[in-house]
Amino acid sequence: MTNPKIKTNPKNAQDSSATRKFAILVEINQAVSRNLDLHDSLQATLQILENSYNIISGAVFLYDDDENALTLGASIGYRADVMKTSYKVGEGLTGRILETGKPIIVPQVSKEPLFLNRMSSWNPDSDKEQTFIGIPITLDYKALGVLIANLLYNTKRDYDSALQFLTLVASALLQPIRAKRVIIEERQRLTNENVALKQKLQQEYSFHNIIGNSHEMRDVYEQVATVARADTTVLLRGESGTGKELIAEAIHYNSLRHDRPFIRVNCAAIPENLIESEFFGYEKGAFTGAVSRKKGRFELADGGSIFLDEVGEISPLTQVKLLRVLQEQTFERVGGTETIHVDIRIITGTNADLENMLVDGTFREDLYYRLNVFSIFLPPLRDRRTDILLLADHFMLKYSRKHSKPVKRISTPAIDMLMRYHWPGNVRELENCVERAVLVCEDQVIHSYHLPPTLQTAESSDTISQLTLEEAVASFEKEIIQDALKTTRGNRAKAARMLDTTERILGYKVQKFKIDVKRFKQL
């Protein structure tokens, strides 16, 4: 007895093929999801197609916007030297797919002249006939790449089904390709912004843009130009508000370290118990609240420059540690034992008299000589009066733009007031003064009455005294005598001692100025 012959149901065969393809797609999607690297995702996909879909060879080409060509992203079944293979737009079958954005199926590659066989996937003398299928990887009608697969030629192959399946595979590759392009574009954007920002900083802090053409400032410019390209330690000296930080920035951004960090530290603003951790950082658990490691200012400035303003304010203990950084360019974080090596340029600034501090013993002599390698003195504004008008015009334009005010010029009386004032706060005080004037100005001209009361003179405020010198002195004498009598409740002897004079002279002045002493006794 023979077993009956089992007939194959075409519908069951189709269902089995669909199930197999679905399983392959699931496997590909899982592989793509697992791999964050684009090349790994593409290679894993081609490996699955080789194992489960029986492709002879396959590749994924990615479009390079800069080269305007397709470059190989991943391949399987080819020689190792094909990684440099590329196609121009419209070149061969692969380039044609990119150009048209439509898939191409070549059942027999031997009969297709556009099949360039550049990757040597088929040898006409020894290999069996092959089928080429190429699918565009598109997003919003724009081709981002091309998936190609070479299979053995089969007269019974369902090309529509194969096209649909490989189109789904190409769709699965779209997400990682798109993510990679977004990352590249964002990285390029950040790179461009970084380059533009560095160029802007270099231009903005060029010493040519520092306001002032007085003889004193020209000397400063020459010194900055001399020392900027060297790695010499610089000490900036001058009163508060003379622009030490601006000069420090000019030195850094015109140096060979201009594309590296520039860290500013105001030593006077940091509490004594925190200055060491701010300078050198700390390790996790070094003290209460140190929940993680923190880099200090010196470590952040590695490769660049650090500006220590008000360096004369640091304590003797910190001076010792600063001296070590200057000498050896090494330090340890607070709570740590690892020695950290840095390559930094140190620029310092101070308005203190360091020489007197050496005599007093509040500043170390060895640190002083380490810092005072190249000293630049910034003149106070009162010694460079020819720059006052230039600075005032600059600040007027700056703050009229910032506060959207239509201020165009400064009146002559206001200019005279600016020129006569002694500016104890230097450039910083002038800047604040002009900003205030811009804010209160209601028209296009800054007048004298827009300036702060500290700049007002008797002439500008129309309060010129009409008294003679003798009358003014007498008025002042009478006023201070009355004030002394008021304090002593009319006691002439006490008032005389308070004014460091005799009771007889005081009595004479009382009679001369007709001062009623009795009314002070009643107070």
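Heads up: the structure comes first, above all this text.
These numbers were taken from a predicted model, which means no experiment stands behind them.

## Here we look at the environment of Ser-404
Thinking step 1. Structurally, Ser-404 is set in the loop between helix H12 (388-402) and strand S16 (409-410).
Thinking step 2. Since its relative accessible area comes to 63%, Ser-404 is described here as exposed.
Thinking step 3. Along the chain, Ser-404 and Leu-439 lie 35 residues apart, while their C-alpha atoms are 9.6 Å from each other.

## Quick word on the nonpolar core
Thinking step 1. With 33 residues, the main nonpolar core has Leu-49 and Tyr-53 as its most contacted residues.
Thinking step 2. Broken down by secondary-structure element, the contributors of at least two residues to this core are helix H1 (10-34), helix H2 (38-52), strand S1 (57-64), strand S2 (69-76), strand S5 (130-139), strand S6 (142-152) and helix H4 (159-204).
Thinking step 3. Ranked by residue count, the leading element in this core is H4, at 9 residues.
Thinking step 4. Excluding its chain neighbours within four sequence positions, the residues that come into contact with Leu-49 are Ile-24, Ile-28, Asn-54, Ile-55, Phe-165 and Val-169.
Thinking step 5. In terms of nonpolar packing, the next biggest core, distinct from the first, is built from 30 residues, Ile-263, Cys-267, Ile-314 and Ile-346 among them.

## With respect to the packing of H12 against helix H14 (residues 426-440)
Thinking step 1. For the pair H12 and H14, the least separation of the axes is 9 Å and the interaxial angle reads 45°. On the basis of their axis angle, the class for H12 and H14 is oblique. The hand of the H12/H14 crossing is right-handed. On H14, the residues touching Ile-388, Leu-391, Ala-392, Phe-395, Met-396, Lys-398, Tyr-399, Ser-400 and Lys-402 of H12 are Val-427, Leu-430, Glu-431, Val-434, Glu-435 and Val-438.
Thinking step 2. Of the residues contributing to the contact of H12 with H14, the split by class is 10 nonpolar, 1 polar and 4 charged.

## Considerations on unusual backbone geometry
Thinking step 1. Of note, the phi angle at Tyr-141 is positive, near 65°, even though the residue is not glycine.
Thinking step 2. Mapping Tyr-141 onto the fold places it in the loop between S5 and S6.
Thinking step 3. Since its relative accessible area comes to 88%, Tyr-141 is described here as exposed.
Thinking step 4. Of note in this structure, Lys-514 is not a glycine but carries a positive phi near 55°.
Thinking step 5. Its location among the elements puts Lys-514 in the loop between helix H17 (503-512) and helix H18 (518-521).
Thinking step 6. Residue classification places Lys-514 among the exposed residues on the basis of a relative accessible area of 75%.

## Comments concerning the pairing of S5
Thinking step 1. Of all 10 residues making up S5, 8 are buried, and the element is well covered by its neighbours.
Thinking step 2. Here strand S4 (residues 104-106) runs beside S5; their pairing, made up of 3 bridges, is antiparallel. Its bridge partner being in S5, Ile-104 is matched across the sheet by Gly-134.
Thinking step 3. Both S5 and S6 contribute to a ladder of 10 bridges, which runs antiparallel. Considered in S6, the bridge of Gln-130 is made with Leu-152.
Thinking step 4. Two successive antiparallel strands, S5 and S6, enclose a turn made up of 2 residues, where Asp-140 displays a positive phi of approximately 50°.

## Brief notes about the sheet that holds strand S14 (residues 345-350)
Thinking step 1. The 5 strands lie next to each other as S8-S11-S14-S7-S15, forming an open sheet whose pairing is parallel. In this open sheet, the two strands that pair with only one neighbour each are strand S8 (262-266) and strand S15 (374-377). Each adjacent strand pair in this sheet contributes to an overall mean axis angle of 20°, direction not counted.
Thinking step 2. Pairing of strand S11 (residues 305-309) with S14 involves 5 bridges; the strand directions are parallel. The residue of S14 that forms the bridge with Leu-308 is Thr-348.

Cut-offs and rules
- Residues numbered from 1 in each chain as written.
- Predicted model: local features only at pLDDT ≥ 70, side-chain atom pairs only at ≥ 80, totals over all residues.
- Heavy atoms only, no water.
- Helix = DSSP H or I, 4+ residues; strand = E, 2+ residues; numbered from the N terminus.
- Buried < 20%, exposed > 50% of the residue type's maximum accessible area, 1.4 Å probe, protein only.
- Core = buried A, V, L, I, M, F, W, Y, C linked by side-chain atoms within 4.5 Å.
- Contact = heavy atoms within 4.5 Å.
- Axes fitted to C-alpha atoms, helices over the stretch in contact; angles between N-to-C directions.
- Parallel < 35°, antiparallel > 145°, perpendicular 65-115°, else oblique.
- Left-handed = near helix turned anticlockwise from the far one by under 90°.
- Nonpolar A, V, L, I, M, F, W, Y, C, P; charged D, E, K, R; others polar.
- Pairing = 2+ DSSP bridges.

Everything listed here is a matter of coordinates, which is why it stays silent on function.
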